[in-house]
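Inside the fold
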Amino acid sequence: MLARERILAAAERAAALKAGTFCLVISGRAPGERVFEKVLDAVREIRARHTLKICVCLGLLNDDHTRRLAEAGVETVNHNLNTSERHYGTICTTHTFADRVATVRSVQAASIKTCSGGIVGMGESDDDVIDLALTLREMAVRSVPVNFLIPIPGTPLEATAQLDPRRCLRVLCLFRFLLPSQEIRIAGGREVHLRSLQPLGLYPANSMFVGDYLTTPGQAPRADFEMIRDMGFVLETPDGAPLEVDLTVALPPDAPSGAYSPIGPTAASAGRL
């Protein structure tokens, strides 16, 4: 768990980047009470200092967890299903697909917005990708991040190489067709796998994560904003109004990425406005 001062500094950077949402993420199966209390304290302090919406990603949660998160002012809980139920056992053995579904249901019962998606490129079949999207549709998940696996040396999936820019773009389009009313968010791995086709991903997606990811660096925020502008899209505030600040001018070219700071929804077209 980062020191309180470092969490608040990261929130300050997110606010400076005009992020709509700040996400607090921990590792591990589920939060222990000591860590959970620190998360709640950080959430309350960030809300007191900024207008940022707060998202948390804390592992498996029960009804008591989600009730207390709601009371602290958490807007959204991110808990990815990651892959299809059929493929899940080949990726994870510490808990089941049903455990993850139960956490999402608990979040919904606490009237907290749900953010749940998956990771593409973990050796799954096309049917697994479709089944994941259909499960998310059945569960009425509000926000759906689509991650693309970055094979990291030393991990069990380091030799997995089943992604190319066109496949990634097809996956985004598939999710758009199967989840017409949900927010599709381009997340981790987009810079690595979409490469020169990144701008095309703005058409099926509603928003994108800006900044660094959990274990890998992301693209510089200014480059993201220039890409959005060059494609003729506009940035929106969390409430859906056009963002008045031109971030391609407001941010210097070497502005730091920050800490997992999604701007959302970032890529709504002028036509949808």
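See the structure above.
Residues numbered from 1 in each chain as written. Predicted model: local features only at pLDDT ≥ 70, side-chain atom pairs only at ≥ 80, totals over all residues. Heavy atoms only, no water.

1. Considerations on the packing of helix α6 (residues 126–138) against helix α7 (residues 165–178)
As a reminder of what qualifies: Axes, fitted as lines to C-alpha atoms, cover a helix only where it is in contact. Angles between the N-to-C directions of the axes lie from 0 to 180 degrees. Helix numbers and strand numbers start at the N terminus; a helix is a DSSP run of H or I with at least 4 residues, a strand a run of E with at least 2. Crossings are assigned a handedness: left-handed for a near helix turned anticlockwise from the far helix by less than a right angle, right-handed for a clockwise turn. In what follows, a contact means two residues having at least one pair of non-hydrogen atoms within 4.5 Å. Classes in brief: Ala, Val, Leu, Ile, Met, Phe, Trp, Tyr, Cys and Pro nonpolar; Asp, Glu, Lys and Arg charged; the others, Gly included, polar.
Viewed as axis vectors pointing N to C, α6 and α7 meet at an angle of 30°, and their least axial separation amounts to 10 Å. At the point where α6 passes α7, the crossing takes the right-handed sense. Residues Asp 126, Val 129, Ile 130, Leu 132, Ala 133, Leu 134, Leu 136 and Arg 137 of α6 pack against Arg 167, Val 171, Leu 174, Phe 175 and Leu 178 of α7. Residues that form the contact of α6 with α7 fall into these classes: ten nonpolar, no polar and three charged.

2. Comments concerning the pairing of strand β8 (residues 207–210)
Note the cut-off: The cut-offs for exposure are 20% and 50% of the maximum accessible area for each residue type, with area from a 1.4 Å probe on protein chains only; residues under the lower value are buried, those over the upper are exposed, and the others partly exposed. A pair of strands is considered paired only if DSSP assigns at least 2 bridges between the two.
Alternating positions in β8 separate into two faces, Ser 207 and Phe 209 on one and Met 208 and Val 210 on the other, with burial throughout. Bridge analysis of strand β7 (residues 183–186) against β8 gives two bridges, and the strand direction is parallel. Bridge pairing in β8 links Ile 186 to Met 208.

3. What to know about unusual backbone geometry
Residues other than glycine predominantly adopt negative phi, and peptide bonds predominantly adopt the trans conformation. We note that Ala 140 has phi near 55°; this positive angle belongs to a residue other than glycine. Judged by its relative accessible area of 52%, Ala 140 falls in the exposed class. You will see that Arg 195, though not glycine, has its phi angle at about 45°, which is positive. Along the chain, Arg 195 falls in the loop between α8 (190–193) and β8. We classify Arg 195 as partly exposed; its relative accessible area is 48%.

4. So, the pattern of salt bridges
Spelled out, the test is: Within this document, salt bridges are pairs made up of a side-chain nitrogen of Lys or Arg and a carboxyl oxygen of Asp or Glu, the two lying within 4 Å of each other.
All told, the structure shown has 18 salt bridges when counted by the stated rule. With a closest N to O distance of 2.6 Å, Asp 41 and Arg 4 form a salt bridge. Of this pair, Asp 41 sits in helix α2 (residues 33–49) while Arg 4 is found in helix α1 (residues 4–16), placing the two residues 37 residues apart along the sequence. Arg 67 is the partner of Asp 64 in a salt bridge, and the nearest nitrogen-oxygen pair spans 2.7 Å. Taken together, the positions of Asp 64 and Arg 67, both in helix α3 (residues 63–72) and three residues apart, correspond to about one turn of that helix. Given a relative accessible area of 33%, Asp 64 falls into the partly exposed group. One network of salt bridges, in which partners are shared, links Glu 33, Glu 37, Asp 64, Arg 67, Arg 68 and Glu 71.

5. Details of the environment of Gly 123
Tracing the chain through its elements places Gly 123 in the loop between β5 (118–120) and α6. We classify Gly 123 as partly exposed; its relative accessible area is 47%. As a C-alpha pair, Gly 123 and His 87 span 36 residues in sequence and 8.7 Å in three-dimensional space. In this structure Gly 123 touches His 87, Thr 160 and Gln 162, once residues within four positions along its chain are discounted.

6. Notes on the packing of aromatic side chains
Pairs of aromatic rings are described using the distance from one ring centre to the other and the angle between the two planes. Spelled out, the test is: To pair, rings of Phe, Tyr and Trp, with the six-membered ring standing in for Trp, must have centres within 6.5 Å; the planes then decide the type, stacked if under 30 degrees apart, edge-to-face if over 60, and tilted in the middle.
Per the counting criterion, the structure on display carries two aromatic pairs. Taking 5.9 Å as the distance between ring centres and 70° as the angle between the ring planes, the aromatic pair formed by Tyr 88 and Phe 97 counts as edge-to-face. Accessibility expressed as a relative area gives 4% for Tyr 88, which makes it buried. An angle of 70° between the planes, with centres 5.2 Å apart, marks the rings of Tyr 203 and Phe 233 as edge-to-face. One end of the pair, Tyr 203, is in the loop between α8 and β8; the other, Phe 233, is in strand β9 (residues 233–234), and 30 residues separate them in sequence. According to the relative accessible area criterion, Tyr 203 is partly exposed, its value standing at 46%.

7. Considerations on the pairing of strand β6 (residues 143–148)
This is how it is decided: Seen with its strands pointing away from the viewer, a crossover is right-handed when the path leading from the first strand over the helix to the second is clockwise.
β6 sits mainly inside the fold: six of its six residues count as buried. With burial as the criterion, each face of β6 is covered, one bearing Ser 143, Pro 145 and Asn 147 and the other bearing Val 144, Val 146 and Phe 148. Both β5 and β6 contribute to a ladder of three bridges, which runs parallel. From the neighbouring strand, Val 120 faces β6, where its bridge partner is Phe 148. The handedness of the β5 to β6 crossover, carried by α6, is right-handed. Here β6 runs beside β7; their pairing, made up of four bridges, is parallel. Note on β7: the bridge partner recorded for Pro 145 is Arg 185. Following the chain from β6 across α7 to the adjacent parallel β7, one finds a crossover that is right-handed.

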